[in-house]
Each structure stands twice: as C-alpha cells, then as structure tokens.
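One letter stands for each residue in the lines below.
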Amino acid sequence: MKKEEIQEALDLAIRQVETNLPYFGEKFPAAATVNNLYPITENDDWTNGFYTGMCWLAYEETGNETFCKAAQSQVESFYQRILAHIVTDHHDMGFLYSPSCVAAYKLTKNERGREAALLAAQNLLGRFQEKGAFFQAWGPVGDPANYRLIIDSLLNMPLLFWASETTGDPIYRTQAARHIQTTLAHVVREDASTCHTFYFDPETGAPLKGVTQQGNRDGSIWARGQAWGIYGSALSYRILGDPSYLEIFRKVTDCFLQHLPKDQIPYWDFDFTDGSTEPRDSSSAAIAACGLLEMAGLLPEQEGKKYREMAANLIAALTENYLNRECIPGMGILLHGTYAKKSPYNGVQDSGVDECNLWGDYFYMEALTRLKHTWNPYW
Ligand code: GLY
C-alpha cells in the first residue's frame, strides 16, 4: 500500500469518528450496525472500549482536542461502569479497558483511567480457575456448564500484564501467563487451525473438548477465532518472549492465509470460500493484520518484512472493497463484518450479519496507524 493510500483511508476513518461524536453524545454505539448505522446504546456491552479506542487513535493521529475530550469523558463512564459492575461478569475486561482506560493513562496520564483499568484487572482475576489454570470466559464463576475458555481471551491478557507493570504486583502477570499457556495448548489443533472454546472438568481440571460457539461447527475454523489466535499469539510472544508462541503464531498465520478466498477477506467461517453465498467477516482481516504488524516489529528484518507485506495486502483489500466512504452520522467504517451467524451446529442467533462492527472499525484504524508509523500499542 502506498503512503498516500494509507493516509487517505485513515483520513476517511477519522472523518467518520468525528462525524459520529455529536451523533452519540454521551452514549455509545451498539456492537454492530443495522443497515450500516450503529444504534445508540449505553456503556453495557463487551465492545464499548473500541469506540473510545478509535477516539484515542484519532487524537494520536490529528492532535485534535475534540477527540481527547470525548475519550476522557468516556473514561469516566468506564470508571462508573466498573464501580457499579454493569455487565462486567465476564472475561472481556481487556477488550473494554485496554483501548479506553489503559490508553488514557498511557497517552495522558489520566489517573482515573488507571484506577478504572486496575479495577477491571482485579475483576478479571476473580474469574481464574485453579482447576485447569484458565480464566473462565462466560457465566457464573465455577458453573460446570460454563467451565471453559475461549480463544478471544488472548486479547484480554495485556490488561493484566499492564496491571503488574503499573502496580509492581506480580499476581496479574502470573495468572495471565498461566492462562495463555493453557489456552494455546488446547485451542490450536494439530493442523494449526483453532477451535473457538475449550471445556475443562470442573472437578479435576482435566481438559475435555473443543466446542464452537460462533463458528459454523465444532471442527470448523471460525475466521475471527483464527484471527484472535494470530493477534493473541503475537501479543503473548511480545510480552513473554516464549519461542513456542512465535512458532504458534507462524502456524496459525499460515493456516489463516491458506484459507483466504481470492479477494483475501474471509467468509465468517473457513468452511466457506469462493462461490459461497455466506457473508464475509471483514473484521477478521483487520484483526489478523494487526497481529501480523505487531509480530513484524519483533522479528529479524526479512521475516518481519514478509508479515508486514501480508498485513498491507489485507488492509489494501479491505480499503478497496470494504471501506465505507459515505460518512453519514452513526455509520460504521468497515463494511461486511459478521458478529454471529446461526448454523445448525453452533450456539448463536444471527446478529450483525453483513454489517459494520465496532471491533472491525477499531482494528482497521489500528492497522492503518501501524502501517503509517511505529505505534505504542494500547494492548
Ligand atoms: N470476542 C467476541 C467476538 O469476537 O465476537
């Protein structure tokens, strides 16, 4: 991708963020759009942090105080949310608090952001299961029907590493490292494809089985899960330096790339490819690109360059055919994402199918920022 193309796409994304600020006011966009328009909601889903993260990215890029002011006011909302425990009984504390409150602290030394993010990290610690050594994703803690981890959780771990760094208390780091080890040992299959969720025996902690929630079927490859695996293994390698995580990154990345259709943007599950009428999940390409760019900066020049080029190809493909260029208040940035698609074998209802979603928008902006220059991650 040429420099000017990156800048043009970033400018379009920032213009959409700016247009959306007065539209949402003190409220938040929903997780996914309806006809490419985000419904207006409260700060009560796992996705709100991406909205604030986009404000921070826009602020970093432009220096425009409007973005900073909006993000700081949202940080206050995140603080109130964790104090009042509003929809916080799940593991997604990192998705919520890294791009919002950790970013606020890193960029502006906002102490409220630090305090909120630490409360979120403590909340997540409470979901650690000694039997099995993992963070339980969903449901009441210890509930046998919910005794499982999910691959997405890898993105929640940087919050814990940051918490140890900022407090000097090693407990967050220790538990995060244990969770990563457990997760990567069980969700990555022999052929480097990944399963979405993995169950353990609540009595003994013994590993039981991989099961999908959002993928097409238990043995399939949910495209976004594979992308979480790419970014999650890259972050884990950066933080822990374990060479086995680099190996996993290489394998899960190869698997992702091998399953891409001609235009490089995954269908929502890799059971589907060219010729299918199933919808795409554009967000998977954006997430994978961020993982590739994260790892590119950690590797010797030649291998790093290879991953950087792969990321640039994904972002070029998104920019060519998936970028919303309309800029209407409330609209999303990246078209054709899929939040959840019901199949005869999975556990979800249709939601945000062939729509924009907040994480797709956020990771697309993050990838453009990373392509433009070296960037200090919120993760
Ligand atoms: N982390 C939830 C999802 O990717 O849909």
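Scroll up a little and you will see the structure.
Conventions and cut-offs
- Residues numbered from 1 in each chain as written.
- Predicted model: local features only at pLDDT ≥ 70, side-chain atom pairs only at ≥ 80, totals over all residues.
- Heavy atoms only, no water.
- Helix = DSSP H or I, 4+ residues; strand = E, 2+ residues; numbered from the N terminus.
- Rg over C-alpha atoms; globule rule 2.2 N^0.38 Å.
- Buried < 20%, exposed > 50% of the residue type's maximum accessible area, 1.4 Å probe, protein only.
- Contact = heavy atoms within 4.5 Å.
- Areas by Shrake-Rupley, 256 points an atom, 1.4 Å probe, with all protein chains shown as cover.
- Lys, Arg positive; Asp, Glu negative; His and termini not counted.
- Charge placed at Lys NZ, Arg CZ, Asp CG, Glu CD.
- Patch = residues over 30% accessible without salt bridge, like charges linked within 9 Å, V, L, I, M, F, W, Y side chains within 5 Å.
- Salt bridge = Lys/Arg side-chain N within 4 Å of Asp/Glu carboxyl O.
- 1 Å grid on protein atoms, 1.4 Å probe; cavity = no way out; pocket = protein on both sides within 12 Å on 5 of 7 lines; lining within 4 Å.
- Points joined across faces, edges and corners; volume = space filled by probe spheres on them.
- Nonpolar A, V, L, I, M, F, W, Y, C, P; charged D, E, K, R; others polar.
- Near = heavy atom within 4 Å.
- Polar contact = N/O pair within 3.5 Å; in protein donor to acceptor, adjacent residues only side chain to side chain.
- Core = buried A, V, L, I, M, F, W, Y, C linked by side-chain atoms within 4.5 Å.

*Asks:* Describe the overall build of the protein, naming the residues involved and giving the relevant values.
*Replies:* If you tally the helices and strands in the protein, you get 12 helices and 9 strands. A compact globule built from 379 residues should have a C-alpha radius of gyration of about 21 Å, and the protein, at 19 Å, falls within 12% of that. Taking the principal axes of the C-alpha coordinates as reference, the protein spans close to 55 × 50 × 45 Å. Considering the protein as a whole, with its 379 residues, one finds that 61% of them fall into the buried category. Pairs at least 24 apart in sequence give 67% of the contacts found in the protein among residues at least 6 apart. Counting every atom, the protein has about 14,300 Å² of accessible surface; 50% of that belongs to carbon and sulfur. A gap of 2 Å separates the mean positions of the 32 positive and 47 negative side-chain charges of the protein.

*Asks:* Outline a nonpolar patch on the surface, listing residues and values.
*Replies:* A cluster of nonpolar residues, Tyr23, Leu37, Ile40 and Ile328, forms a patch on the protein surface that exposes about 310 Å² of accessible area. On the basis of relative accessibility, which here comes to 46%, the residue Ile40 falls in the partly exposed class.

*Asks:* Give a detailed account of empty space enclosed by the protein, specifying residues and quantitative values.
*Replies:* Space left empty within the atom packing is revealed by a probe, the size of a water molecule, rolled over the atoms. Summed over all chains, the structure comprises 1 cavity of 30 Å³ or more. Reported here for the largest cavity is a volume of approximately 70 Å³. Of all the secondary structure elements, the ones that give two or more residues to the lining of the largest cavity are helix H1 (3-24), helix H2 (48-62) and helix H12 (358-372). The biggest single contributor to the lining of the largest cavity is H1, with 3 residues. Its residues assigned to classes, the lining of the largest cavity comprises 8 nonpolar, 2 polar and 1 charged.

*Asks:* Explain unusual backbone geometry to me, and be specific about the residues and the numbers.
*Replies:* Unusually for a residue other than glycine, Ala133 sits at a positive phi of about 60°. As for its placement among the helices and strands, Ala133 is situated in the loop between strand E3 (128-129) and strand E4 (134-135). Residue classification places Ala133 among the buried residues on the basis of a relative accessible area of 15%.

*Asks:* Tell me what's going on with the site of the ligand, and back it up with residues and numbers.
*Replies:* If you check the shell around the ligand, you find Trp46, Asp152, Gln214, Trp222, Arg224, Trp228 and Tyr339 and nothing else. The contact in question runs from an oxygen atom of the ligand to an N or O atom on the side chain of Gln214, over 2.8 Å. Here an oxygen atom of the ligand sits 3.0 Å away from a polar atom, N or O, in the side chain of Trp228. In isolation the ligand has 200 Å² of accessible area, and contact with the protein removes 95% of it. Residues that form the shell around the ligand fall into these classes: 4 nonpolar, 1 polar and 2 charged.

*Asks:* Help me get a handle on the nonpolar core, residues and values and all.
*Replies:* Of all hydrophobic cores here, the largest spans 132 residues; its most connected members are Tyr97, Phe363 and Tyr364. Per-element tally for this core: the top contributor is helix H10 (residues 282-296), with 10 residues. Aside from chain neighbours lying at most four places away, what touches Phe363 is Phe50, Trp228, Tyr231, Ala286, Ile287, Cys290 and Trp379.

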